[in-house]
Amino acid sequence: MNHKLSLGLAMLPLVPAVQAQEQSRQDGERPNIIFIMSDDHAQQAMSIYGHPIGKVAPTPNIDRIGQEGAVFWNNYCCNSISGPSRAAILTGKHSHKNGFMKNWALGFDGSQQTMPKLLQKAGYQTALIGKWHLESLPTGFDYWEIVPGQGDYYNPRFIEMNNDTITEKGYLTNIITEKSIDWIANQRDKEKPFCLFVHHKACHRNWLPEMKYLSLYEDKKFALPDNFYDDYEGREAAKTQEMGILKDMDIMYDTKMYNPEGDTPLKTTYEAFVGRLDEADRKVYDAFYQPIIDEFYKKNPQGKELAEWKYQRDMRDYAKVLKSLDDNVGVLLDYLEQQGLLKNTLVVYTSDQGFYMGEHGWFDKRFMYEESMRTPLVMRLPDNMKQKAKGEITEMVQNIDYAPTFLDLAGAEIPSDIQGVSLLPLLKGEKPSDWRKSLYYHFYEYPAEHMVKRHYGVRTERYKLIHFYNDIDEWELYDLQEDPKEMNNLFGKEGYEEITMELKDELKKLQLQYNDKIEETL
(Lines give C-alpha, C1' and ligand atoms only; values in the text may rest on other atoms or scores of the structure.)
Protein backbone atom coordinates (compact mmCIF):
# COMPACT_ATOMS: atom_id res chain seq x y z
CA MET A 1 0.00 0.00 0.00
CA ASN A 2 1.60 3.26 -1.10
CA HIS A 3 0.11 6.69 -1.27
CA LYS A 4 0.84 8.47 -4.51
CA LEU A 5 3.67 10.53 -2.99
CA SER A 6 5.02 7.51 -1.11
CA LEU A 7 7.25 9.35 1.36
CA GLY A 8 9.64 10.13 -1.46
CA LEU A 9 11.77 13.23 -1.17
CA ALA A 10 12.69 12.55 -4.78
CA MET A 11 9.28 13.97 -5.65
CA LEU A 12 10.15 17.18 -3.81
CA PRO A 13 13.47 18.26 -5.33
CA LEU A 14 15.51 21.21 -4.19
CA VAL A 15 14.29 24.43 -5.75
CA PRO A 16 17.11 27.03 -5.81
CA ALA A 17 14.76 29.96 -6.42
CA VAL A 18 12.61 28.94 -3.47
CA GLN A 19 15.69 28.46 -1.29
CA ALA A 20 16.95 31.93 -2.22
CA GLN A 21 13.55 33.39 -1.38
CA GLU A 22 13.58 31.56 1.95
CA GLN A 23 17.12 32.74 2.69
CA SER A 24 16.24 36.36 2.13
CA ARG A 25 13.25 36.06 4.45
CA GLN A 26 15.11 34.09 7.12
CA ASP A 27 17.90 36.61 7.64
CA GLY A 28 16.86 38.49 10.75
CA GLU A 29 13.25 37.35 10.55
CA ARG A 30 11.02 35.60 13.05
CA PRO A 31 11.29 31.80 13.09
CA ASN A 32 8.94 29.30 11.54
CA ILE A 33 7.35 26.77 13.90
CA ILE A 34 6.68 23.13 13.05
CA PHE A 35 4.70 21.44 15.78
CA ILE A 36 4.64 17.65 15.40
CA MET A 37 2.27 15.93 17.81
CA SER A 38 1.49 12.23 18.03
CA ASP A 39 -1.22 10.53 20.04
CA ASP A 40 -0.61 8.29 23.06
CA HIS A 41 3.15 8.15 22.55
CA ALA A 42 4.50 7.13 25.94
CA GLN A 43 7.74 8.70 27.09
CA GLN A 44 8.84 5.14 27.88
CA ALA A 45 8.59 4.33 24.16
CA MET A 46 10.92 7.10 22.99
CA SER A 47 14.47 5.85 23.00
CA ILE A 48 16.17 9.14 23.88
CA TYR A 49 14.71 8.76 27.40
CA GLY A 50 16.61 5.52 27.98
CA HIS A 51 13.72 3.19 28.89
CA PRO A 52 14.15 -0.53 28.02
CA ILE A 53 11.30 -0.30 25.48
CA GLY A 54 13.38 2.11 23.43
CA LYS A 55 16.22 -0.38 23.25
CA VAL A 56 13.91 -2.91 21.58
CA ALA A 57 12.03 -0.40 19.41
CA PRO A 58 14.24 2.68 18.95
CA THR A 59 13.05 6.03 17.60
CA PRO A 60 16.20 7.52 16.00
CA ASN A 61 14.48 10.20 13.94
CA ILE A 62 12.36 11.60 16.77
CA ASP A 63 15.44 11.36 19.00
CA ARG A 64 17.34 13.46 16.47
CA ILE A 65 15.21 16.49 17.37
CA GLY A 66 16.36 16.20 20.97
CA GLN A 67 19.93 15.30 20.08
CA GLU A 68 20.19 18.47 18.02
CA GLY A 69 18.23 20.51 20.55
CA ALA A 70 16.65 20.17 23.98
CA VAL A 71 15.08 17.20 25.79
CA PHE A 72 12.48 17.97 28.45
CA TRP A 73 12.56 15.26 31.09
CA ASN A 74 9.67 16.54 33.18
CA ASN A 75 6.92 17.51 30.78
CA TYR A 76 3.32 16.86 31.85
CA CYS A 77 -0.21 17.25 30.55
CA CYS A 78 -2.98 18.82 32.63
CA ASN A 79 -5.77 16.39 31.63
CA SER A 80 -4.61 13.08 30.16
CA ILE A 81 -7.05 12.52 27.35
CA SER A 82 -6.89 13.50 23.69
CA GLY A 83 -9.39 16.30 23.05
CA PRO A 84 -8.94 18.14 26.35
CA SER A 85 -5.16 17.99 25.99
CA ARG A 86 -5.40 19.49 22.50
CA ALA A 87 -7.68 22.25 23.75
CA ALA A 88 -5.23 23.06 26.55
CA ILE A 89 -2.41 23.27 24.01
CA LEU A 90 -4.40 25.54 21.67
CA THR A 91 -5.42 27.95 24.41
CA GLY A 92 -2.63 27.73 26.98
CA LYS A 93 -5.35 27.20 29.56
CA HIS A 94 -6.54 24.39 31.83
CA SER A 95 -9.65 22.47 30.78
CA HIS A 96 -12.08 24.30 33.05
CA LYS A 97 -11.06 27.61 31.46
CA ASN A 98 -11.12 26.57 27.79
CA GLY A 99 -14.37 24.66 28.25
CA PHE A 100 -13.34 21.36 26.66
CA MET A 101 -13.05 19.02 29.63
CA LYS A 102 -14.09 15.66 28.13
CA ASN A 103 -13.63 13.88 24.82
CA TRP A 104 -17.37 13.67 24.40
CA ALA A 105 -17.94 17.36 25.05
CA LEU A 106 -20.32 19.22 22.73
CA GLY A 107 -17.46 20.74 20.77
CA PHE A 108 -14.54 23.08 21.22
CA ASP A 109 -15.58 26.74 21.26
CA GLY A 110 -13.67 27.96 18.23
CA SER A 111 -14.67 31.58 18.85
CA GLN A 112 -12.35 31.87 21.83
CA GLN A 113 -8.78 33.14 21.83
CA THR A 114 -6.25 30.55 20.70
CA MET A 115 -2.54 30.50 20.02
CA PRO A 116 -2.96 30.07 16.21
CA LYS A 117 -5.25 33.13 16.10
CA LEU A 118 -2.69 35.17 18.02
CA LEU A 119 0.04 34.02 15.64
CA GLN A 120 -2.12 35.06 12.69
CA LYS A 121 -2.53 38.48 14.27
CA ALA A 122 1.26 38.66 14.58
CA GLY A 123 1.66 38.03 10.84
CA TYR A 124 2.12 34.26 10.76
CA GLN A 125 0.54 31.84 8.34
CA THR A 126 -0.98 28.93 10.24
CA ALA A 127 -1.83 25.44 9.03
CA LEU A 128 -3.07 22.20 10.57
CA ILE A 129 -2.85 18.79 8.91
CA GLY A 130 -3.98 15.57 10.57
CA LYS A 131 -5.80 14.91 13.80
CA TRP A 132 -8.02 17.60 15.35
CA HIS A 133 -10.45 15.63 17.55
CA LEU A 134 -12.29 18.59 19.07
CA GLU A 135 -15.82 17.88 17.76
CA SER A 136 -15.72 21.05 15.66
CA LEU A 137 -14.04 22.50 12.59
CA PRO A 138 -10.73 24.32 13.13
CA THR A 139 -10.53 28.08 13.51
CA GLY A 140 -7.39 30.20 13.54
CA PHE A 141 -5.77 28.34 10.65
CA ASP A 142 -5.21 29.75 7.16
CA TYR A 143 -5.18 26.17 5.89
CA TRP A 144 -6.37 22.95 7.41
CA GLU A 145 -7.13 19.37 6.42
CA ILE A 146 -8.21 17.10 9.25
CA VAL A 147 -9.22 13.50 9.82
CA PRO A 148 -12.74 12.86 11.16
CA GLY A 149 -12.67 11.92 14.85
CA GLN A 150 -9.81 9.55 15.56
CA GLY A 151 -9.05 9.01 11.88
CA ASP A 152 -8.41 5.78 9.94
CA TYR A 153 -4.99 4.18 9.56
CA TYR A 154 -5.87 2.59 6.22
CA ASN A 155 -7.10 4.54 3.16
CA PRO A 156 -8.10 7.41 5.46
CA ARG A 157 -10.74 10.06 5.08
CA PHE A 158 -9.94 13.77 5.35
CA ILE A 159 -12.23 16.75 5.85
CA GLU A 160 -11.20 19.68 3.68
CA MET A 161 -11.77 23.39 4.30
CA ASN A 162 -14.83 23.41 2.05
CA ASN A 163 -16.27 20.75 4.39
CA ASP A 164 -16.00 18.01 1.75
CA THR A 165 -14.82 14.60 2.95
CA ILE A 166 -12.38 12.82 0.66
CA THR A 167 -10.66 9.43 0.86
CA GLU A 168 -6.93 9.10 0.24
CA LYS A 169 -5.26 5.83 -0.69
CA GLY A 170 -2.42 4.82 1.58
CA TYR A 171 -1.30 4.75 5.21
CA LEU A 172 -2.40 7.71 7.32
CA THR A 173 0.95 8.52 8.92
CA ASN A 174 2.62 8.74 5.52
CA ILE A 175 -0.17 10.85 4.05
CA ILE A 176 -0.14 13.42 6.85
CA THR A 177 3.58 13.93 6.29
CA GLU A 178 3.19 14.17 2.52
CA LYS A 179 0.40 16.72 2.82
CA SER A 180 2.49 18.71 5.30
CA ILE A 181 5.50 18.81 3.00
CA ASP A 182 3.28 19.74 0.07
CA TRP A 183 1.88 22.68 2.04
CA ILE A 184 5.39 23.88 2.93
CA ALA A 185 6.63 23.46 -0.64
CA ASN A 186 3.68 24.65 -2.70
CA GLN A 187 0.87 26.31 -0.78
CA ARG A 188 2.23 28.89 1.63
CA ASP A 189 3.35 32.46 1.14
CA LYS A 190 7.13 32.21 1.39
CA GLU A 191 7.39 35.87 2.33
CA LYS A 192 5.78 35.17 5.70
CA PRO A 193 6.79 33.07 8.71
CA PHE A 194 4.58 30.05 9.32
CA CYS A 195 3.36 27.76 12.06
CA LEU A 196 2.44 24.27 10.87
CA PHE A 197 0.74 21.70 13.08
CA VAL A 198 1.60 18.15 11.90
CA HIS A 199 -0.74 16.10 14.06
CA HIS A 200 -0.69 12.31 13.79
CA LYS A 201 -3.17 9.63 14.81
CA ALA A 202 -0.26 7.31 15.63
CA CYS A 203 0.24 5.72 18.14
CA HIS A 204 -3.44 5.58 19.05
CA ARG A 205 -5.19 2.30 19.73
CA ASN A 206 -5.80 -0.12 17.96
CA TRP A 207 -2.31 0.00 16.45
CA LEU A 208 -2.86 -1.07 12.84
CA PRO A 209 0.59 -1.34 11.22
CA GLU A 210 1.75 -0.23 7.81
CA MET A 211 1.84 -3.24 5.47
CA LYS A 212 5.63 -3.27 5.16
CA TYR A 213 5.99 -3.49 8.94
CA LEU A 214 3.50 -6.26 9.69
CA SER A 215 6.21 -8.72 10.69
CA LEU A 216 8.52 -6.22 12.39
CA TYR A 217 9.38 -6.99 16.04
CA GLU A 218 7.74 -10.42 15.87
CA ASP A 219 11.05 -11.91 17.00
CA LYS A 220 11.34 -9.46 19.90
CA LYS A 221 10.18 -9.84 23.47
CA PHE A 222 9.32 -6.80 25.54
CA ALA A 223 10.16 -6.96 29.23
CA LEU A 224 7.15 -7.16 31.53
CA PRO A 225 6.94 -4.12 33.87
CA ASP A 226 7.72 -4.93 37.49
CA ASN A 227 4.22 -3.89 38.57
CA PHE A 228 2.34 -5.62 35.75
CA TYR A 229 0.51 -7.73 38.36
CA ASP A 230 -0.38 -4.78 40.61
CA ASP A 231 -3.12 -5.66 43.14
CA TYR A 232 -4.04 -1.96 43.71
CA GLU A 233 -3.89 -2.26 47.48
CA GLY A 234 -4.79 1.05 49.12
CA ARG A 235 -5.93 2.61 45.81
CA GLU A 236 -9.68 2.31 45.41
CA ALA A 237 -9.97 4.18 42.09
CA ALA A 238 -7.31 1.96 40.55
CA LYS A 239 -9.32 -1.13 41.50
CA THR A 240 -12.41 -0.09 39.55
CA GLN A 241 -10.85 1.07 36.25
CA GLU A 242 -11.58 -0.79 33.01
CA MET A 243 -8.24 -0.54 31.23
CA GLY A 244 -6.57 -3.77 32.26
CA ILE A 245 -4.67 -5.69 29.61
CA LEU A 246 -6.03 -9.02 30.81
CA LYS A 247 -9.66 -8.16 31.52
CA ASP A 248 -10.40 -5.21 29.22
CA MET A 249 -8.19 -5.45 26.12
CA ASP A 250 -10.48 -6.66 23.32
CA ILE A 251 -9.15 -9.91 21.81
CA MET A 252 -10.29 -9.02 18.28
CA TYR A 253 -10.06 -5.23 18.18
CA ASP A 254 -6.77 -4.89 20.05
CA THR A 255 -4.85 -8.11 19.41
CA LYS A 256 -6.42 -8.82 15.96
CA MET A 257 -7.41 -12.39 16.88
CA TYR A 258 -10.39 -12.25 14.58
CA ASN A 259 -12.98 -15.03 14.74
CA PRO A 260 -15.98 -14.56 12.42
CA GLU A 261 -18.01 -16.96 14.55
CA GLY A 262 -17.18 -15.24 17.84
CA ASP A 263 -18.19 -11.90 19.30
CA THR A 264 -16.57 -9.14 21.35
CA PRO A 265 -17.71 -5.61 22.23
CA LEU A 266 -15.46 -4.07 19.54
CA LYS A 267 -15.61 -6.74 16.84
CA THR A 268 -17.68 -4.67 14.39
CA THR A 269 -15.41 -1.66 14.88
CA TYR A 270 -12.39 -3.80 14.05
CA GLU A 271 -14.15 -5.17 10.96
CA ALA A 272 -14.79 -1.61 9.78
CA PHE A 273 -11.16 -0.59 10.32
CA VAL A 274 -9.58 -3.46 8.41
CA GLY A 275 -12.41 -3.33 5.90
CA ARG A 276 -10.86 -0.12 4.59
CA LEU A 277 -7.99 -2.11 3.09
CA ASP A 278 -8.12 -2.79 -0.62
CA GLU A 279 -8.25 -6.41 -1.79
CA ALA A 280 -4.51 -6.82 -2.33
CA ASP A 281 -3.52 -5.36 1.03
CA ARG A 282 -6.23 -7.31 2.83
CA LYS A 283 -4.69 -10.52 1.51
CA VAL A 284 -1.28 -9.45 2.84
CA TYR A 285 -2.82 -8.48 6.18
CA ASP A 286 -4.76 -11.74 6.59
CA ALA A 287 -1.78 -13.84 5.48
CA PHE A 288 0.25 -12.35 8.32
CA TYR A 289 -2.32 -12.58 11.12
CA GLN A 290 -4.10 -15.83 10.27
CA PRO A 291 -1.30 -18.18 11.45
CA ILE A 292 -1.11 -16.22 14.72
CA ILE A 293 -4.89 -16.44 15.08
CA ASP A 294 -4.91 -20.19 14.43
CA GLU A 295 -2.17 -20.81 16.98
CA PHE A 296 -3.86 -18.60 19.58
CA TYR A 297 -7.22 -20.36 19.45
CA LYS A 298 -5.52 -23.75 19.38
CA LYS A 299 -3.54 -23.03 22.55
CA ASN A 300 -6.38 -21.06 24.18
CA PRO A 301 -4.18 -19.38 26.84
CA GLN A 302 -5.79 -18.38 30.14
CA GLY A 303 -4.87 -16.35 33.22
CA LYS A 304 -1.31 -15.10 33.43
CA GLU A 305 -0.38 -16.81 30.19
CA LEU A 306 -3.13 -14.90 28.39
CA ALA A 307 -2.22 -11.59 30.07
CA GLU A 308 1.40 -11.85 29.03
CA TRP A 309 0.50 -13.02 25.52
CA LYS A 310 -1.80 -9.99 25.09
CA TYR A 311 0.95 -7.71 26.40
CA GLN A 312 3.45 -8.93 23.80
CA ARG A 313 0.92 -8.54 20.97
CA ASP A 314 -0.01 -5.08 22.19
CA MET A 315 3.62 -3.98 22.43
CA ARG A 316 4.64 -5.37 19.05
CA ASP A 317 1.79 -3.73 17.17
CA TYR A 318 2.27 -0.44 19.05
CA ALA A 319 5.97 -0.50 18.13
CA LYS A 320 5.17 -1.17 14.46
CA VAL A 321 2.90 1.87 14.31
CA LEU A 322 5.57 3.89 16.09
CA LYS A 323 8.16 2.78 13.53
CA SER A 324 6.14 4.37 10.71
CA LEU A 325 5.75 7.52 12.79
CA ASP A 326 9.48 7.72 13.41
CA ASP A 327 10.17 7.18 9.68
CA ASN A 328 7.91 10.10 8.84
CA VAL A 329 9.52 12.43 11.34
CA GLY A 330 12.80 11.58 9.59
CA VAL A 331 11.31 12.33 6.17
CA LEU A 332 10.11 15.74 7.36
CA LEU A 333 13.43 16.60 9.02
CA ASP A 334 15.36 15.59 5.90
CA TYR A 335 13.11 17.77 3.75
CA LEU A 336 13.56 20.77 6.05
CA GLU A 337 17.32 20.27 6.00
CA GLN A 338 17.46 19.93 2.21
CA GLN A 339 15.42 23.09 1.76
CA GLY A 340 17.54 25.08 4.21
CA LEU A 341 14.58 25.59 6.52
CA LEU A 342 16.22 24.33 9.70
CA LYS A 343 18.19 27.56 9.91
CA ASN A 344 15.13 29.49 10.98
CA THR A 345 12.61 26.88 12.16
CA LEU A 346 11.68 25.64 15.61
CA VAL A 347 10.83 21.92 15.37
CA VAL A 348 8.81 20.54 18.27
CA TYR A 349 7.81 16.93 18.90
CA THR A 350 5.45 15.82 21.65
CA SER A 351 2.42 13.63 22.34
CA ASP A 352 -0.98 14.75 23.55
CA GLN A 353 -0.48 12.67 26.70
CA GLY A 354 1.41 9.68 28.02
CA PHE A 355 0.31 6.05 27.98
CA TYR A 356 0.57 2.89 30.06
CA MET A 357 2.83 0.30 28.49
CA GLY A 358 1.78 -2.48 30.84
CA GLU A 359 2.56 -0.59 34.06
CA HIS A 360 -0.05 -1.49 36.70
CA GLY A 361 -1.27 -4.07 34.16
CA TRP A 362 -2.80 -1.30 32.06
CA PHE A 363 -3.09 0.23 28.63
CA ASP A 364 -4.63 3.69 27.95
CA LYS A 365 -4.09 6.87 30.05
CA ARG A 366 -6.43 9.22 32.11
CA PHE A 367 -4.97 8.75 35.59
CA MET A 368 -2.69 11.36 37.16
CA TYR A 369 -0.06 8.67 37.70
CA GLU A 370 3.29 9.32 36.07
CA GLU A 371 3.02 7.17 32.94
CA SER A 372 -0.05 9.01 31.62
CA MET A 373 0.59 12.49 33.03
CA ARG A 374 4.20 12.64 31.77
CA THR A 375 4.71 13.15 28.04
CA PRO A 376 7.73 13.27 25.73
CA LEU A 377 8.88 16.71 24.58
CA VAL A 378 11.89 17.57 22.43
CA MET A 379 12.62 20.83 20.63
CA ARG A 380 15.16 21.64 17.95
CA LEU A 381 15.83 25.35 18.00
CA PRO A 382 16.57 27.37 14.86
CA ASP A 383 20.20 27.18 13.77
CA ASN A 384 20.40 30.98 13.70
CA MET A 385 19.17 31.39 17.28
CA LYS A 386 22.24 32.69 19.08
CA GLN A 387 21.48 31.83 22.70
CA LYS A 388 20.02 28.36 23.07
CA ALA A 389 20.11 25.37 25.37
CA LYS A 390 21.14 21.91 24.25
CA GLY A 391 20.69 18.68 26.13
CA GLU A 392 18.52 17.96 29.13
CA ILE A 393 16.03 20.39 30.66
CA THR A 394 14.78 19.10 34.00
CA GLU A 395 12.41 21.85 35.16
CA MET A 396 8.73 20.89 35.40
CA VAL A 397 6.81 22.07 32.34
CA GLN A 398 3.27 21.44 31.12
CA ASN A 399 1.31 21.38 27.86
CA ILE A 400 -0.33 24.72 28.69
CA ASP A 401 3.18 26.18 28.22
CA TYR A 402 3.39 25.49 24.48
CA ALA A 403 1.11 28.38 23.47
CA PRO A 404 3.03 31.12 25.32
CA THR A 405 6.32 29.59 24.15
CA PHE A 406 5.36 29.77 20.48
CA LEU A 407 4.02 33.30 20.93
CA ASP A 408 7.15 34.40 22.77
CA LEU A 409 9.45 32.98 20.10
CA ALA A 410 7.33 34.69 17.43
CA GLY A 411 7.68 38.04 19.17
CA ALA A 412 3.93 38.17 19.78
CA GLU A 413 2.27 39.50 22.89
CA ILE A 414 1.24 36.85 25.44
CA PRO A 415 -2.22 37.70 26.81
CA SER A 416 -2.45 37.86 30.58
CA ASP A 417 -5.24 35.25 30.72
CA ILE A 418 -3.00 32.50 29.29
CA GLN A 419 -2.24 30.21 32.21
CA GLY A 420 0.92 28.57 30.89
CA VAL A 421 4.36 30.14 30.97
CA SER A 422 6.85 30.57 28.15
CA LEU A 423 9.63 28.00 27.99
CA LEU A 424 11.87 30.42 26.12
CA PRO A 425 14.07 31.19 29.16
CA LEU A 426 14.74 27.46 29.58
CA LEU A 427 15.39 27.13 25.84
CA LYS A 428 17.97 29.90 26.14
CA GLY A 429 19.77 27.93 28.85
CA GLU A 430 18.61 30.11 31.72
CA LYS A 431 17.68 28.82 35.17
CA PRO A 432 14.92 31.12 36.46
CA SER A 433 14.91 31.17 40.25
CA ASP A 434 11.16 31.63 40.33
CA TRP A 435 10.31 28.69 38.06
CA ARG A 436 7.24 26.74 39.13
CA LYS A 437 7.63 24.11 41.82
CA SER A 438 4.28 22.40 41.36
CA LEU A 439 1.79 21.32 38.67
CA TYR A 440 -2.00 21.13 38.66
CA TYR A 441 -4.02 18.31 37.07
CA HIS A 442 -7.75 17.68 36.67
CA PHE A 443 -9.46 14.77 34.91
CA TYR A 444 -13.24 14.91 34.34
CA GLU A 445 -14.37 12.14 31.97
CA TYR A 446 -16.37 9.80 34.20
CA PRO A 447 -18.52 7.76 33.92
CA ALA A 448 -17.14 6.91 30.51
CA GLU A 449 -14.91 4.49 28.62
CA HIS A 450 -12.33 2.84 30.91
CA MET A 451 -14.19 4.11 34.02
CA VAL A 452 -11.40 6.19 35.55
CA LYS A 453 -12.84 8.26 38.40
CA ARG A 454 -12.82 12.04 38.30
CA HIS A 455 -9.84 13.46 40.13
CA TYR A 456 -7.60 16.45 40.58
CA GLY A 457 -4.26 16.87 42.24
CA VAL A 458 -0.89 18.52 42.67
CA ARG A 459 2.56 17.26 41.73
CA THR A 460 5.70 18.75 43.21
CA GLU A 461 9.27 17.72 42.51
CA ARG A 462 9.04 14.95 45.11
CA TYR A 463 5.39 14.38 46.07
CA LYS A 464 2.01 13.89 44.48
CA LEU A 465 -1.39 14.36 46.12
CA ILE A 466 -4.56 13.23 44.31
CA HIS A 467 -8.22 13.56 45.28
CA PHE A 468 -10.73 11.22 43.60
CA TYR A 469 -14.28 12.59 43.80
CA ASN A 470 -17.83 12.43 42.41
CA ASP A 471 -19.05 8.95 43.45
CA ILE A 472 -15.95 8.41 45.59
CA ASP A 473 -14.05 10.45 48.16
CA GLU A 474 -10.51 9.09 48.32
CA TRP A 475 -7.11 10.73 48.66
CA GLU A 476 -3.75 9.34 47.55
CA LEU A 477 -0.27 10.55 48.47
CA TYR A 478 2.97 9.38 46.88
CA ASP A 479 6.63 9.98 47.61
CA LEU A 480 7.96 9.93 44.04
CA GLN A 481 11.54 9.74 45.20
CA GLU A 482 11.03 6.60 47.25
CA ASP A 483 8.12 5.17 45.26
CA PRO A 484 8.43 6.31 41.61
CA LYS A 485 5.98 3.64 40.42
CA GLU A 486 3.27 4.92 42.78
CA MET A 487 2.44 1.64 44.49
CA ASN A 488 2.27 2.76 48.13
CA ASN A 489 -0.47 5.24 49.05
CA LEU A 490 0.82 7.18 52.06
CA PHE A 491 -2.29 9.26 52.67
CA GLY A 492 -3.44 9.03 56.28
CA LYS A 493 -0.35 7.15 57.38
CA GLU A 494 1.53 8.17 60.50
CA GLY A 495 4.41 10.54 59.86
CA TYR A 496 2.96 12.13 56.72
CA GLU A 497 0.58 14.61 58.34
CA GLU A 498 2.81 17.63 57.78
CA ILE A 499 3.59 16.99 54.12
CA THR A 500 -0.10 16.22 53.51
CA MET A 501 -1.11 19.61 54.90
CA GLU A 502 1.60 21.35 52.86
CA LEU A 503 0.39 19.67 49.68
CA LYS A 504 -3.26 20.49 50.42
CA ASP A 505 -2.26 24.12 50.87
CA GLU A 506 -0.33 24.02 47.58
CA LEU A 507 -3.32 22.42 45.87
CA LYS A 508 -5.61 25.20 47.10
CA LYS A 509 -3.09 27.79 45.95
CA LEU A 510 -3.05 26.33 42.44
CA GLN A 511 -6.84 26.09 42.31
CA LEU A 512 -7.02 29.75 43.26
CA GLN A 513 -4.29 30.68 40.76
CA TYR A 514 -6.04 28.85 37.91
CA ASN A 515 -9.54 29.73 39.13
CA ASP A 516 -10.72 26.11 39.40
CA LYS A 517 -13.58 26.21 41.88
CA ILE A 518 -14.13 22.45 42.05
CA GLU A 519 -13.68 22.20 45.82
CA GLU A 520 -16.42 24.79 46.31
CA THR A 521 -18.85 22.52 44.44
CA LEU A 522 -18.09 19.31 46.34
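Our subject is the structure that appears above.
The structure contained in this document is the topic of the report that follows. (Residues numbered from 1 in each chain as written. Predicted model: local features only at pLDDT ≥ 70, side-chain atom pairs only at ≥ 80, totals over all residues. Heavy atoms only, no water.)

1. Section: helix H16 (residues 497-513)
In this model, H16 (17 residues) spans 24 Å end to end at C-alpha, consistent with the 24 Å of a helix rising 1.5 Å per residue. Among the residues making up H16, those that are buried are Ile499, Thr500, Leu503, Glu506, Leu507, Leu510 and Gln511. Each buried residue of H16 sits inside an arc of 140° when the element is viewed along its axis, so together they form one side. Across H16 from its buried face, at more than 90 degrees, point the exposed residues Glu498 and Leu512. Contact partners of the buried residues in H16: strand E13 (438-443), strand E14 (455-460), strand E15 (463-468), strand E16 (474-479) and helix H17 (518-521). Backbone geometry just downstream of H16 places asparagine 515 in the positive-phi region, at approximately 60°. (Helix = DSSP H or I, 4+ residues; strand = E, 2+ residues; numbered from the N terminus. Expected span 1.5 Å × (residues − 1). Buried < 20%, exposed > 50% of the residue type's maximum accessible area, 1.4 Å probe, protein only. Arc of directions from axis to C-beta. Contact = heavy atoms within 4.5 Å.)

2. Some words on the packing of helix H7 (residues 172-187) against helix H12 (residues 303-338)
Axis angle and axis distance: for two packed helices, these are the angle between their axes and the distance between the axes, and together they describe the pair. Between H7 and H12, the least distance of the axes is 9 Å, while the angle of their chain directions is 15°. Compared by their axis directions, H7 and H12 come out roughly parallel. Of the two possible hands of crossing, H7 and H12 adopt the one that is right-handed. Where H7 approaches H12, its residues Thr173, Asn174, Thr177, Ile181, Ile184 and Ala185 are matched on the opposing element by Ser324, Leu325, Asn328, Val331, Leu332, Tyr335 and Leu336. For the contact of H7 with H12, a count of residues per class yields eight nonpolar, five polar and no charged. (Axes fitted to C-alpha atoms, helices over the stretch in contact; angles between N-to-C directions. Parallel < 35°, antiparallel > 145°, perpendicular 65-115°, else oblique. Left-handed = near helix turned anticlockwise from the far one by under 90°. Nonpolar A, V, L, I, M, F, W, Y, C, P; charged D, E, K, R; others polar.)

3. Things to note about helix H14 (residues 402-409)
Counting buried positions along H14 gives seven out of eight residues, so the element sits mostly inside the fold. Buried residues of H14: Tyr402, Ala403, Pro404, Thr405, Phe406, Leu407 and Leu409, and no others.

4. A few points about the pairing of E13
Among the six residues of E13, six are classified as buried, and the element is accordingly described as predominantly covered. Alternating positions in E13 separate into two faces, Ser438, Tyr440 and His442 on one and Leu439, Tyr441 and Phe443 on the other, with burial throughout. Two elements, E13 and E14, share six bridges in a ladder whose sense is antiparallel. For serine 438, the partnering residue across the bridge sits in E14 and is threonine 460. (Pairing = 2+ DSSP bridges.)

5. Remarks on the packing of helix H11 (residues 279-299) against H12
Taken N-terminus to C-terminus, the directions of H11 and H12 make an angle of 170°; their axes are 13 Å apart at the nearest point. In terms of orientation, H11 and H12 fall into the roughly antiparallel class. Note on element contacts: H12 touches H11 through Leu306, Trp309, Arg313, Asp317 and Lys320, opposite Phe288, Tyr289, Ile292 and Phe296. Residues belonging to the contact of H11 with H12 are distributed by class as follows: six nonpolar, no polar and three charged.

6. Looking at the side chain of arginine 374
Relative to the elements of secondary structure, arginine 374 occurs in the loop between helix H13 (370-373) and strand E10 (377-380). A distance of 2.6 Å separates a polar atom in the side chain of arginine 374 from the backbone oxygen of tryptophan 73. A polar side-chain atom of arginine 374 sits 2.7 Å from a polar atom in the side chain of glutamate 370. Other than its neighbours up to four places away in sequence, arginine 374 contacts Gln43, Trp73, Asn74, Asn75, Tyr76, Gly354 and Arg459. (Polar contact = N/O pair within 3.5 Å; in protein donor to acceptor, adjacent residues only side chain to side chain.)

7. A word on the packing of aromatic side chains
Using the criterion set out here, one finds 32 aromatic pairs in the structure. Ring centres of phenylalanine 141 and phenylalanine 197 lie 5.3 Å apart, and the angle between their planes is 75°; this geometry places the pair in the edge-to-face category. Linking phenylalanine 141 in the loop between strand E4 (125-131) and strand E5 (143-147) with phenylalanine 197 in strand E8 (residues 194-199), this pair joins segments that are 56 residues apart in sequence. Like phenylalanine 141, the residue phenylalanine 197 is buried in the burial classification. A ring pair is formed by tryptophan 183 and phenylalanine 194, whose centres lie 5.6 Å apart and whose planes are at 75°; its orientation type is edge-to-face. With a gap of eleven residues between them, tryptophan 183 in helix H7 and phenylalanine 194 in strand E8 connect regions that are remote in the sequence. (Phe/Tyr/Trp six-rings, centres within 6.5 Å; stacked < 30°, edge-to-face > 60°.)

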